[in-house]
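Examining the three-dimensional arrangement
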Amino acid sequence: MTLLELKNLHVRFKTRAETVYAVNGVNFQVEENQVLGVIGESGCGKSVTALSIMGLLPSPPADIHQGEILYKGTNLLDLSEKELNRIRGNEIAMIYQDPMEALNPSLKIGFQVMEPLLTHRDISKADARERAIKILNECGLADAERIMGQYPHSLSGGMQQRVMIAMALITEPSLLIADEPTTALDVTIQAQIMDLLDNLRNDFNTSMVFITHDIPVVSGISDRIAVMYAGKVVETATVEQFMENQLHPYTQSLMKSIPKIGDTAEELPIIEGVVPTFDQNPKGCVFASRCPEYLGPECDNETPRLSVPTDAAQGHETACHIYADEYLETVSKPTDQTIAQTEEK
Amino acid sequence: MPTPNVNRDPQSAGDTVSDSLTDVTEGDSTTDKIVSVLVDLSQNKLAVIGLLYVFVLCVVAILAPIVAPYDPSAQNYEVLNHPPSFAHPFGTDNFGRDLFSRVVFGSRYAIFLGIVIVGIQAVIGVGLGLVAGYYGGFTEAVIMRIVDISLSIPGIVLALAIAGLLGGGILPLIIAISLVGWRGFTRIVRGDVKSIMEEEYINSAKAVGLSDTRIITRYILPNVASSIIVYTTLTLPTVILWSAALSFLGMGVHPPTPEWGALIAAGRSDLQSAWWIATFPGLAIMATIIAFNAVGDGLRDVLDPKQY
């Protein structure tokens, strides 16, 4: 069953000076008990997408001007702040990039871990405390009872991230959004946190949207991968398909630029040019200006749709014109009708 | 600037479980914090002297009937306008009342007015500041414009006008100074809230699904607390000075009440013949204000080292 579905999501940021189009039509689904890894470089709209799912983008300046975010069939964008508060922290939880910043420095760990439970469940303080200690233990914090009485600054980064994870999972949410949860941590701690998340998601049957720019990190935990570039999903596939074969020219270049042990090359291949920023809804393919496979005017003018090329494996979608002649199946592309419905007001 | 625990070096935060356990002792952390703030404060000599003075002043205010050698309103026609002597350390006034006893009882008014007025100012100012900073937009614009407009009128003039309008006396004095002073709290709190709102932990509190009220009271207020404490200690002397000033100008506490400002007003006409009547209450006001300022400065250095 589809738990979360993003349909043609567009987010722009309006200020008096300019308007920046950050997310330009993101489509992806997360099935129950599935981990979706969202990969993309800095500024490609990963975090904006995550925050719009949580309804946490400050508006103004943020403006979700097109699209839908369907959670269990309801469009989260239609909900009031009060209705959203019933879902946030209860059914959808979030882990942030830097636990040092995401924990309140002036409140004890115990208070912060119990908070989601006390907010969303009718539960006594004593029970909540017991539950919090249990979940801190499950998150690998042995001396949980003591940690409950401490302030965030007296924990290390890895421990803080474990606390964040405990805080997110204490209400046993069906969906966990992890926004680069390991980026701020040491490599060894990263591995521990990834193992922990992998174990916990099996224990709790939690689906996950795992956002990162680190392909090796995400490939270990994900079931599916979605590659984002300049505010769009350019390719999605299962991890196996993805590691075996990349379809989109951007993904191909990206994979080439990852250094591998044993590589003898003097210089890593790079992608020429810079990520474009848009002051209007982009036309054509967002990668056209840097694409090694650039075909011509159609790349500049026609927006390629996410679909499965003829000789690709089932479910391996990409949005690129080089496969245009081979379009066979068109999955998850917005029909003209839905586009007309969600067209900018 | 959400660093209420600045006294603890963040670098010393443990990297392993065992490290961190030696770092923090369990127990009532609020008292721990107060103790550690006091320890840091004791490094500052001026602040220690100030704190001692404030402490003595409070004791004197509470124990005024015991400390004062005479009844402050008892008139003695044997000793009219006597200069300072052993029997009357601050001398006597033109009714033969012992000035030392009057100054001692005056400390009650200073402390009482200071605490009550600053308390009212803080409640109004902090509340409005939190609302303005948290909600932003139109709400903020309205609140901050009111602050700006009231700031364009000199405070003491406004207070004088309000007190005069209400007819003078102790209650009008409290109302007048409270209504004028809250705006400083609003400015400080609103600015702090704005910067705290940018912190990720506010987002993470929202992601938990908490209501606005809960986020404001439990997540933002504690992080603004150190600024509020510092500003309160620095406002207190101003408020004491202002209440003395209003009383001096006849819009506050009236003679024969032994309020310091009123005492000065009463001694003003005799300044040439009996300098001590106005001088000693004046010195009391001065010392009190310097002491509170020293404590406030010291506290600011301890609680908020980034702000100078």
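**Observations regarding the overall build of chain A**
When its secondary structure is counted, chain A shows 13 helices and eleven strands. The C-alpha atoms of chain A give 21 Å as radius of gyration, which agrees with the globular expectation for 345 residues (20 Å, within 12%). Residues classed as buried in chain A amount to 54% of the 345 residues present. Within chain A, counting contacts between residues at least 6 apart in sequence, those at least 24 apart form 65% of the total.

**Digging into the overall build of chain B**
Each helix and strand counted, chain B has twelve helices and zero strands in total. When the elements of chain B are put in sequence order from the N terminus, they spell out α-α-α-α-α-α-α-α-α-α-α-α. By residue count, 46% of the 308 residues in chain B fall in the buried class. Look at the contacts in chain B between residues 6 or more apart in sequence, and 71% of them connect residues 24 or more apart. With an accessible surface of roughly 14600 Å², chain B has 68% of that area assigned to carbon and sulfur atoms.

**Quick notes on the sheet that holds strand 11 (residues 317–318) of chain A**
Residues and elements named next belong to chain A. Read from one edge to the other, the open sheet built from seven strands follows the order 6-7-8-3-9-10-11, with strand pairing classed as mixed. Edge positions in the sheet fall to strand 6 (92–95) and strand 11, since each has one partner strand and no second. Packed onto the sheet, helix 1 (residues 46–54) meets strand 3 (35–39), strand 6, strand 7 (175–179), strand 8 (207–212) and strand 9 (224–229) and runs at close to 145° relative to strand 6. Here helix 8 (residues 187–204) sits on the sheet in contact with strand 3, strand 6, strand 7 and strand 8, set at roughly 160° to strand 8.

**A word on a nonpolar patch on the surface**
Residues and elements named next belong to chain B. Taken together, the side chains of Phe55, Val56, Val59, Ile62, Leu63, Ile66 and Val67 define a hydrophobic patch exposed on the protein surface, amounting to about 650 Å² of accessible area. Secondary structure elements with two or more residues in the nonpolar patch: helix 3 (45–62) and helix 4 (64–67). Per element, the largest residue contribution to the nonpolar patch is four residues, and it comes from helix 3. Considering the arrangement of structural elements, one finds Val59 in helix 3.

**Points about the pairing of strand 8 of chain A**
Residues and elements named next belong to chain A. Buried residues dominate strand 8, accounting for six of its six residues. Where burial is concerned, the two faces of strand 8 agree: the one with Ser207, Val209 and Ile211 and the one with Met208, Phe210 and Thr212 are both buried. Here five bridges tie strand 3 to strand 8, and the two strands are oriented parallel to one another. Counterpart to Val38 in the pairing with strand 8 is Ile211. Sheet topology places strand 7 next to strand 8; five bridges connect them, and they run parallel. Pairing of Ala178 across the sheet is with Phe210, part of strand 8. Read from strand 7 through helix 8 to strand 8, the crossover connection turns out right-handed.

**Quick look at the layout of surface pockets**
The rolling of a water-molecule-sized probe over the atoms marks out the regions of remaining empty space. Here the largest pocket defines a volume of roughly 1200 Å³. Leu56, Leu57, Pro58 and Ser59 of chain A together with Lys206 of chain B are, among the 42 residues lining the largest pocket, the residues nearest its centre. Partitioned by chemical class, the residues of the lining of the largest pocket number 20 nonpolar, eleven polar and eleven charged. Roughly 730 Å³ of volume is contained in the second largest pocket. Along the walls of the second largest pocket sit 27 residues, with Thr30, Lys33, Ile34, Ile229 and Leu303 of chain B positioned nearest its centre. If you list the elements that add at least two residues to the lining of the second largest pocket, you get helix 2 (29–41), helix 3, helix 10 (212–248) and helix 12 (276–303) of chain B.

About the cut-offs
- Residues numbered from 1 in each chain as written.
- Chains lettered and ligands numbered in written order.
- Predicted model: local features only at pLDDT ≥ 70, side-chain atom pairs only at ≥ 80, totals over all residues.
- Heavy atoms only, no water.
- Helix = DSSP H or I, 4+ residues; strand = E, 2+ residues; numbered from the N terminus.
- Rg over C-alpha atoms; globule rule 2.2 N^0.38 Å.
- Buried < 20%, exposed > 50% of the residue type's maximum accessible area, 1.4 Å probe, protein only.
- Contact = heavy atoms within 4.5 Å.
- Areas by Shrake-Rupley, 256 points an atom, 1.4 Å probe, with all protein chains shown as cover.
- Pairing = 2+ DSSP bridges.
- Axes fitted to C-alpha atoms, helices over the stretch in contact; angles between N-to-C directions.
- Patch = residues over 30% accessible without salt bridge, like charges linked within 9 Å, V, L, I, M, F, W, Y side chains within 5 Å.
- Salt bridge = Lys/Arg side-chain N within 4 Å of Asp/Glu carboxyl O.
- Right-handed = clockwise from strand over helix to strand, strands pointing away.
- 1 Å grid on protein atoms, 1.4 Å probe; cavity = no way out; pocket = protein on both sides within 12 Å on 5 of 7 lines; lining within 4 Å.
- Points joined across faces, edges and corners; volume = space filled by probe spheres on them.
- Nonpolar A, V, L, I, M, F, W, Y, C, P; charged D, E, K, R; others polar.

Keep in mind these values describe shape, not function.
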